[in-house]
There are 2 protein chains.
Amino acid sequence: MTERKEFRDLAPPEDAHDAIASLDLGGGTETVPLREARGRVLAERVDAELDVPGFDRASMDGYAVRARDTFGADEADPAHLDLVGEVHAGAEPDVTVTEGTAAEISTGAVMPPGADSVVMVEKTDESDDGDEVLVRTALAPGDSVMLAGADVAAGERTLGPGTELTPREIGLLSALGVDEVPVRAKPRVGIISTGDELVRPGADLNSDAGQIYDVNSYTTATAVEEAGGEAVLYPHAGDDYEEMEDILTEAASECDLVLSSGSTSASAVDVIYRVIEERGELLLHGVAVKPGKPMLIGRLDAGDSPSAYVGLPGYPVSALTIFRTFVAPAIREAAGLPEPRTATVDGRMAVEERYGEGRRRLMPVGLVEDAAGDTLVYPVDKGSGATTSLVEADGIVEVPAETEYLAADESVTVQLFSPDVRAPSLYAVGEDDPALSRLLDRLDRPRYLSLGTREGLRRLRNGVPDAAVAAGDPEVAADHEDLGGWTREWGLVVSEDNPEDVSGVADLVDRELRLINRGTNSGLRTALDDAVDSLADERGTARRDLADAIDGYDLTVKAHESPARKVLAGDADAGLGLRATAAKLGLGFVSLGVQDVRVLANPDRTEKSGVEALADTVDDAESVLSALPGYRPE
Amino acid sequence: MTERKEFRDLAPPEDAHDAIASLDLGGGTETVPLREARGRVLAERVDAELDVPGFDRASMDGYAVRARDTFGADEADPAHLDLVGEVHAGAEPDVTVTEGTAAEISTGAVMPPGADSVVMVEKTDESDDGDEVLVRTALAPGDSVMLAGADVAAGERTLGPGTELTPREIGLLSALGVDEVPVRAKPRVGIISTGDELVRPGADLNSDAGQIYDVNSYTTATAVEEAGGEAVLYPHAGDDYEEMEDILTEAASECDLVLSSGSTSASAVDVIYRVIEERGELLLHGVAVKPGKPMLIGRLDAGDSPSAYVGLPGYPVSALTIFRTFVAPAIREAAGLPEPRTATVDGRMAVEERYGEGRRRLMPVGLVEDAAGDTLVYPVDKGSGATTSLVEADGIVEVPAETEYLAADESVTVQLFSPDVRAPSLYAVGEDDPALSRLLDRLDRPRYLSLGTREGLRRLRNGVPDAAVAAGDPEVAADHEDLGGWTREWGLVVSEDNPEDVSGVADLVDRELRLINRGTNSGLRTALDDAVDSLADERGTARRDLADAIDGYDLTVKAHESPARKVLAGDADAGLGLRATAAKLGLGFVSLGVQDVRVLANPDRTEKSGVEALADTVDDAESVLSALPGYRPE
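Remember, it's a predicted structure, so these values are computed and weren't measured experimentally.

Novice: I tried to follow the overall build of chain A on my own but got confused; where do I start?
Specialist: The number of helices and strands found in chain A is 16 helices and 37 strands. If you line up chain A on its principal axes, its C-alpha atoms span 120 × 65 × 50 Å. Counting only residues that meet the buried cut, chain A has 57% of its 634 residues in that class. For chain A, the proportion of contacts with a sequence separation of at least 24, taken over those separated by at least 6, is 72%. Of the accessible surface of chain A, which amounts to about 24700 Å², a share of 42% is contributed by carbon and sulfur atoms. The averaged location of the 122 negative side-chain charges in chain A is 7 Å from the averaged location of its 58 positive side-chain charges.

In structure tokens form, the structure reads like this:
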């Protein structure tokens, strides 16, 4: 086995850019129908092959005449011309205008032979018998006539190579009669995810065997397309050398670039590493940028010309970060596309961020707008989980290795994960609540993080979110404006018809019942803690003693439905939860009380339209609350 | 025939917006594969249907243990645990961890029954015989374990309706195993161009019959797609009532919205007008906005539900202007898409623009960046021709009816014709020259308007373009920096082998030869005028007399190849042109001289990167010049 060099000599980030730039990502030419050319980039200059218009063209409705026949004509003394016919747009003239004659003509029609100008209909009268036209103005040759080629002349340069084709360029090419255009080929990018545990979305998942859905394949494929490449998904590869070799070789023979990502397991990385070394060339292994340690750059042999290869980290935000920073620019370059103007946004740090790793950091960040519409930027840490942080993070801020901290209010530039990413209209944090979830549906692009009441209030104190949602009766140390709220009935969710006949907290303490609890950030947990406190007071003991007596008191799960779902799955006798959840899942419910849910705005953001919309929604919550058992307006 | 109400009572623009808003443009829901969902908009909230991860998961490579077995362990006094097996990612554990035992585990693997924590491999040693693991740290339950649902918990709100799907949202949905997503349907927009004279690109064009290529169909279709709609092209309709009725009815039955555009002929507009009145309902005819006079808004009957109808002006820039202002926002709204952040750009007027029509104006404008990167905005008039102005104009500035003029430096907001439009890297105006055309190919997105030497110098004096290109020896009144240039040989392009034996200007005067000339803006024309002057001096007569004696002296065409192409087509005996053009087209050439071509920069823009690139390209013109007969470096 090849010795692993990983993590010893991390390459400077500039070397990674150079290594990728040294690879050939395609950049050929293909011909596409004009109708499908939107967003493509012209590969060659297009010169006009014909005149536009292709004929001398009347630019007014009126009469085609010989200008010299109108010499001296005016309102009082019109020129009398014999009407010899008419010419319509789209028809070949079947009339010749000779001295003393005129032909009726429509805008866009071909000038008939002999005529050199058009008099607009408003400056004429027809004689009563229709045989004559009276021209009440004098014309010069060329009046109201557009000469052939006056718009675009054959041989003229019209569009240069590198032009991105938007509607107007498509229009210009239409005018030239072009129906196929030579454009830069899209780099073909093969995507392979590695790891025995991955299953593609839509397939069955065996959680007992540790399977998880493959996140990076679709994310990366979408990002490749966004950068102007064509993504090809290959079957995922396990840790087997031969399987990996087969798939990488197949992808290399069909694609300009092969990207692998997915596995966090060291053995899968080892296997890829060996395949690249043996079936290609490894240019670089590990980049001195956080999170660039596991990055690989190399070539894979493939028939005539080698394919480029880049290995991305397995953690989804890291994979997207490395893709955004190193790979997307190379794909765009090969496709001839400029970086979108919306690829970055300027803002200022909402909080201080300390950093001292001595390695350049690509820091995942979220965006929030203040009341004036200025962009504030805050770090998103991995704590929220691989998947959740994927949608929490809007982009990355590059922090130089020598930077020890970013001060609050410091200006930063955010490299967005997608040019379509924008700051949410509302950023709120707090309790997980089904009524709130429905109310959020009414808002335009809100971001709500269900991290619990405590975390919501903690973040509100830091001034970053627009609002926090608190359940129970917590002490709110943060300045806030109360936007209103509702009450919800909480208790123990049990199996249908309560077969164990659970009647309250005392049963949990005194009987052999298994509970699933919520975490201490949750307002529901605080309510249960208080109930245990009361029981402890009654019994003259300490809360901790009673809690220790409850099987599963410290077994906490994340979301409001999670304990109930454990009960439904038969994994527990009781779960901390809401009457609404029990009703939704068809479970039994033992009521332990009613608690407030309050929506609290950041006082600096009350003028922000997203906060105003939230306030309106809370005011108008009646229909949502009445549909949820155990909910009441305040 | 219904009486035409057109152009009598123009509706206020707000009424046009309201009328379009009153129409139903679809907005239904459809299900698409996740893999194809990029850029689509979620139609419904997506709650997690499963826990992510779906099992308690090791988050480190190491050993799965019972935390209580490591109590008190440290570097000096490790806990000794019996190694009972191993668990890999993607495999079901076949081992149970009981008191005093441990199982080797990989990152991502399922925690085996009995274990409650993972010790990282760096804090352990295996015994020499491999039967035991020595744990050199004390653990708490849950250490290095991610509980099922800790990332996303079943029942949690994950994405709300209205969310635009970018790579990260696709990633989140992948993690949830979702492979089909409910998205907002794209409004289906039928496009009909009207007018007997239109031919679709790619088909044969009969210029003698006044046919022209259809510009608006493809332009509008592309703009519809850019706004998030699905475009359906219908065969173009002529001025025949029944044909028009059939096509409009077919489109209405298949689409949410029907757009017509194209004809400038009054009769085609009349026919559409009648069809809408008789087969639907006309809501509005003519909007008090320049160029909104010909706009129609209505409904077309179609089975169950009527289709919306909007008639666009025929002039391409006007069609795009009205589409951008009134139709695109409605399509985006129906598709659930926000206006792109790049849909507008702020700038300041490069020149004063007077206006006094008393009607709101949607003024087509071009963009140019100054040396500091600020955006300058200048009006683009129709003078340049329907097709040319389509690519000259980057967007529109809305000028209120009561505004009499926009001052130079006044701030304006430009509604771009496409979110992908950006200011060119270089904006230059001047002589049409084949060497220049090739040099421009080396630049990134230049805009060059071949309007002739005089117009180039005039605009350079106004300070708007970055550079002008002048041929001949014109008086340059504008401040400028000379970036260099070359010389080109000019003269008369004649048929192959010069069958008429043309030898110079005197032949044109003295013999019955037909000439095709260039316009007075052209540097070539100035050279010919000078040659005629010399001959007039020789002969002691006036230039005008000689010019009058030349058949076709006043017959001018637009581009540098145009006269030669007339000669090639047999329409003339001689054309003013270049040796390079004669060589390219295989024609004869009578040399009349050599003239300078100079590239002159706007002195305020010499620091601009596009101008620097132009200067470099001119310095490095050797290879281009040597490939063109009659060209020489300066």
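Novice: How should the domain arrangement of chain A be read in this particular structure?
Specialist: In many analyses, interface size is given as the accessible surface area lost on bringing the parts together. Residues and elements named next belong to chain A. Per the domain assignment, the segments making up chain A are domain 1 (13-26 + 187-335), domain 2 (29-52 + 151-184), domain 3 (57-146), domain 4 (344-423) and domain 5 (429-633). Computed from C-alpha coordinates alone, the two centres of domain 1 and domain 4 are separated by 25 Å. Buried area between domain 1 and domain 4, both sides added, is near 1800 Å², and the carbon and sulfur share of it is 60%. Taken together, domain 1 and domain 4 are joined by one salt bridge. Between R360 and E14 there is a salt bridge, with its nearest N and O atoms 2.6 Å apart. Counting across the domain 1 and domain 4 interface gives eight residue pairs in polar contact (both at pLDDT 80 or more). Only α1 (13-21), α3 (216-226), β19 (289-290) and α6 (316-335) provide two or more residues apiece to the side of domain 1 that touches domain 4. Looking at the side of domain 1 that touches domain 4 element by element, the count peaks at nine residues for α6. Here the residues of the side of domain 1 that touches domain 4 sort into 12 nonpolar, five polar and five charged.

Novice: Whenever I open this one, the environment of P93(A) confuses me. Can you help?
Specialist: By secondary structure assignment, the location of P93(A) is in the loop between β5 (79-87) and β6 (101-105). Each residue touching P93(A), except ones within four places of it in the same chain, is listed here: V87(A), V110(A), M111(A), P112(A), P113(A) and D208(B).

Novice: For this particular structure, what's the right way to read unusual backbone geometry?
Specialist: Backbone phi values are negative for most residues with the exception of glycine, while trans is the configuration of most peptide bonds. P291(A) follows K290(A) through a cis peptide bond whose omega is 10 degrees. By secondary structure assignment, the location of P291(A) is in the loop between β19 and β20 (296-300). The amide bond that connects V52(B) to the next residue, P53(B), takes the cis arrangement and shows omega of -10 degrees. Looking at the element boundaries, P53(B) is found in the loop between β2 (46-47) and β3 (57-58). Of note, S144(B) is a non-glycine position whose phi angle comes to about 55 degrees, a positive value.

Novice: What am I meant to see in the relation of the copies chain B and chain A here?
Specialist: One copy of the chain maps onto the other through a rotation about an axis plus a displacement along that axis. The transform that puts chain B on chain A rotates by 180 degrees and translates by 0.0 Å along the axis, for an RMSD of 0.2 Å. The transformation relating the two chain copies, once decomposed into turn and shift, fits a two-fold axis. Among all residues of chain B, the minimum C-alpha distance to the rotation axis is found for T342(B), at 3.5 Å.

Novice: Just checking my understanding: could you explain the interface of chain B and chain A for this structure?
Specialist: With 114 residues of chain B at the interface, the matching set in chain A holds 114 residues. Summed over the three residues of chain B that lose the most area to chain A, namely R35(B), R168(B) and R341(B), the buried surface amounts to 10% of that side. Across the contact surface, chain B and chain A share 12 salt bridges. The partner of D441(A) in a salt bridge is R157(B), and the shortest N-O contact between them spans 2.6 Å. Taken together, chain B and chain A are joined by 34 residue pairs in polar contact (both at pLDDT 80 or more). When residues of the side of chain B that touches chain A are assigned to their parent elements, the largest contribution, eight residues, is made by helix α2 (residues 167-175) of chain B. A per-class count over the side of chain B that touches chain A returns 48 nonpolar, 32 polar and 34 charged.

Reading guide: rules and limits
Residues numbered from 1 in each chain as written. Chains lettered and ligands numbered in written order. Predicted model: local features only at pLDDT ≥ 70, side-chain atom pairs only at ≥ 80, totals over all residues. Heavy atoms only, no water. Helix = DSSP H or I, 4+ residues; strand = E, 2+ residues; numbered from the N terminus. Buried < 20%, exposed > 50% of the residue type's maximum accessible area, 1.4 Å probe, protein only. Contact = heavy atoms within 4.5 Å. Areas by Shrake-Rupley, 256 points an atom, 1.4 Å probe, with all protein chains shown as cover. Lys, Arg positive; Asp, Glu negative; His and termini not counted. Charge placed at Lys NZ, Arg CZ, Asp CG, Glu CD. Domains from an automatic or database assignment. Buried area = accessible area lost by both parts, 1.4 Å probe. Salt bridge = Lys/Arg side-chain N within 4 Å of Asp/Glu carboxyl O. Polar contact = N/O pair within 3.5 Å; in protein donor to acceptor, adjacent residues only side chain to side chain. Nonpolar A, V, L, I, M, F, W, Y, C, P; charged D, E, K, R; others polar. Least-squares fit on C-alpha atoms with pLDDT ≥ 70 in both.

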